[in-house]
Amino acid sequence: MYLKYSFGTLYVLIAFFCQVWSQETTNDPPKQSPTKDIYAGIGSSVELPCTAGVHEGLQWRLNGSVVGSGPVLNLRNASLGDKGIYTCHGPNGDTIETLHLHLGYAPSPPEVQCWVPSYPLKALCSWTQTPDPLLPTHYITTYWSDSEEQLPAVHSCQRKREQDRQCMLEGAELYSEAPYLVNITAVNALGSAPRILSVFLEDIVKPDRPVDVKATALPGKKVQVQWAPPPTWTDPVKFPLKYKVHFYWGNPNLDSTLGPYESDSMVRSGLVAGRTYQIRVSAMDFLGHGQSSEWSDPVNITLPKS
Ligand SMILES: *[C@@H]1O[C@H](CO)[C@@H](O)[C@H](O)[C@H]1NC(C)=O
Ligand SMILES: *[C@@H]1O[C@H](CO)[C@@H](O)[C@H](O)[C@H]1NC(C)=O
Ligand SMILES: *[C@@H]1O[C@H](CO)[C@@H](O)[C@H](O)[C@H]1NC(C)=O
Ligand SMILES: *[C@@H]1O[C@H](CO)[C@@H](O)[C@H](O)[C@H]1NC(C)=O
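Residues numbered from 1 in each chain as written. Chains lettered and ligands numbered in written order. Predicted model: local features only at pLDDT ≥ 70, side-chain atom pairs only at ≥ 80, totals over all residues. Heavy atoms only, no water.

Focus: the sheet that holds strand β1 (residues 36–41)
Thinking step 1. One open sheet accounts for five strands, arranged β1-β7-β6-β3-β4; its pairing is mixed. A strand with exactly one partner marks an edge of an open sheet, and here the two such strands are β1 and β4 (65–69). Direction aside, the axes of adjacent strands within the sheet are offset by 30° on average.
Thinking step 2. Direction of pairing for strand β3 (residues 59–62) relative to strand β6 (residues 84–89): antiparallel, over a ladder of four bridges. Looking at β6, one finds that tryptophan 60 is bridged to cysteine 88. (Pairing = 2+ DSSP bridges. Helix = DSSP H or I, 4+ residues; strand = E, 2+ residues; numbered from the N terminus. Axes fitted to C-alpha atoms, helices over the stretch in contact; angles between N-to-C directions.)

Structural notes on the pattern of salt bridges
Thinking step 1. Following the criterion strictly, the structure yields five salt bridges and no others.
Thinking step 2. Between glutamate 111 and arginine 195 there is a salt bridge; the shortest N-O distance is 3.3 Å. In this pair, glutamate 111 sits in strand β8 (residues 111–118) while arginine 195 sits in strand β14 (residues 191–199), placing the two residues 84 residues apart along the sequence.
Thinking step 3. Residue classification places glutamate 111 among the partly exposed residues on the basis of a relative accessible area of 47%.
Thinking step 4. Since its relative accessible area comes to 27%, arginine 195 is described here as partly exposed.
Thinking step 5. The residue aspartate 297 makes a salt bridge to arginine 209 at a minimum N-O spacing of 3.8 Å. (Salt bridge = Lys/Arg side-chain N within 4 Å of Asp/Glu carboxyl O. Buried < 20%, exposed > 50% of the residue type's maximum accessible area, 1.4 Å probe, protein only.)

Here we look at the state of the cysteines
Working definition: the covalent bond between the sulfur atoms of two cysteines is a disulfide.
Thinking step 1. Enumeration according to the criterion identifies three disulfides in this entry.
Thinking step 2. Cysteine 50 shares a disulfide with cysteine 88; S-S distance 1.9 Å. On the sign convention where negative means left-handed, the S-S torsion of about -85° between cysteine 50 and cysteine 88 marks this disulfide as left-handed. On the criterion of sequence distance, the pair formed by cysteine 50 in the loop between β2 (46–49) and β3 and cysteine 88 in strand β6 is long-range, its members being 38 residues apart. Residue cysteine 50 shares its accessibility class with cysteine 88, and that shared class is buried.
Thinking step 3. Here cysteine 114 engages in a disulfide with cysteine 125; their sulfurs sit 2.1 Å apart. Because the sign of the S-S torsion sets the handedness, a value of about 105° for the bond joining cysteine 114 and cysteine 125 places this disulfide among the right-handed ones. Taken as a pair, cysteine 114 in strand β8 and cysteine 125 in strand β9 (residues 122–128) lie far apart in primary sequence, 11 residues in all. Summarising the burial analysis for this pair, cysteine 114 and cysteine 125 share the class buried.
Thinking step 4. Going through the chain in sequence order and numbering each bonded cysteine, the pairs you get are 1-2, 3-4, 5-6. (Disulfide = S-S within 2.5 Å.)

Put into structure tokens, the structure is as follows:
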């Protein structure tokens, strides 16, 4: 009981002193102008103004080190080494201005890829941004049907989180008369760059890879391979898929691709006893739309010697 009480008292005392101390420290330097963010391109000329009534005896510091004097600081051919916090000081050392200089590039058009891992309801677009603009960059993601309409309805391509570089087209239709236009626009403080992609959904069907691939050795130098369709494909209607099965040993280019199979298993005979085979499976829309999935991760099977 006593111990608990004294810890409590100590805590209250510490809290009290912290509060007094923080009030003193925050009140200590006389009022400072708020930090202003400045964005500039690498290689550009940057002028940093000190907006004071004073014109004499002004001094500039970068991260605290003196870098120049006068009412305007000129940086020619700015490079990444010039970024940081610039402060302008009056003759008595007071901070008059605080500027946070950020350097980077205007975005280039993002590289966009769209595919349909499950139809009829879902198409995804993902994108990459090179070179890295080095500045906070956000994306405006929209799509619409490129029909004859004067003012097509523009939809938002939805992201789960703001920072995601992938968005989802909902309710787009297969076999539409007109393609869909997808607009992914990169925006930062230095500029914006759109990328417009024109897609027919049936051309960009690409299932996810099959799952649960299993190989079992059977008597007579045979192997049975079983798999399950990609779980994303089954929602909400299970359209049929066809599969290819790839057998190899050592070098994946020593090819033996079999199929297509419309079922979820196959048996291969005529294999070599004692050899370890690697086996992977890929799925494709039954009607042959779009592309095959990526290969599943390989599974190994070694044929018994006898
Ligand atoms: C700007 O600086 C970069 C490297 O810092 C240099 O390669 C380039 O030649 C400079 N450009 C000019 C116009 O001075
Ligand atoms: C100044 O400090 C910032 C971090 O606040 C750092 O990113 C920048 O490289 C520093 N600049 C210099 C020239 O030291
Ligand atoms: C693409 O989106 C950007 C940002 O919303 C917009 O400014 C631009 O006009 C759009 N492009 C087209 C062709 O609609
Ligand atoms: C399968 O076999 C290959 C080559 O023999 C080997 O590199 C790989 O690690 C094996 N994979 C597993 C999961 O055992």
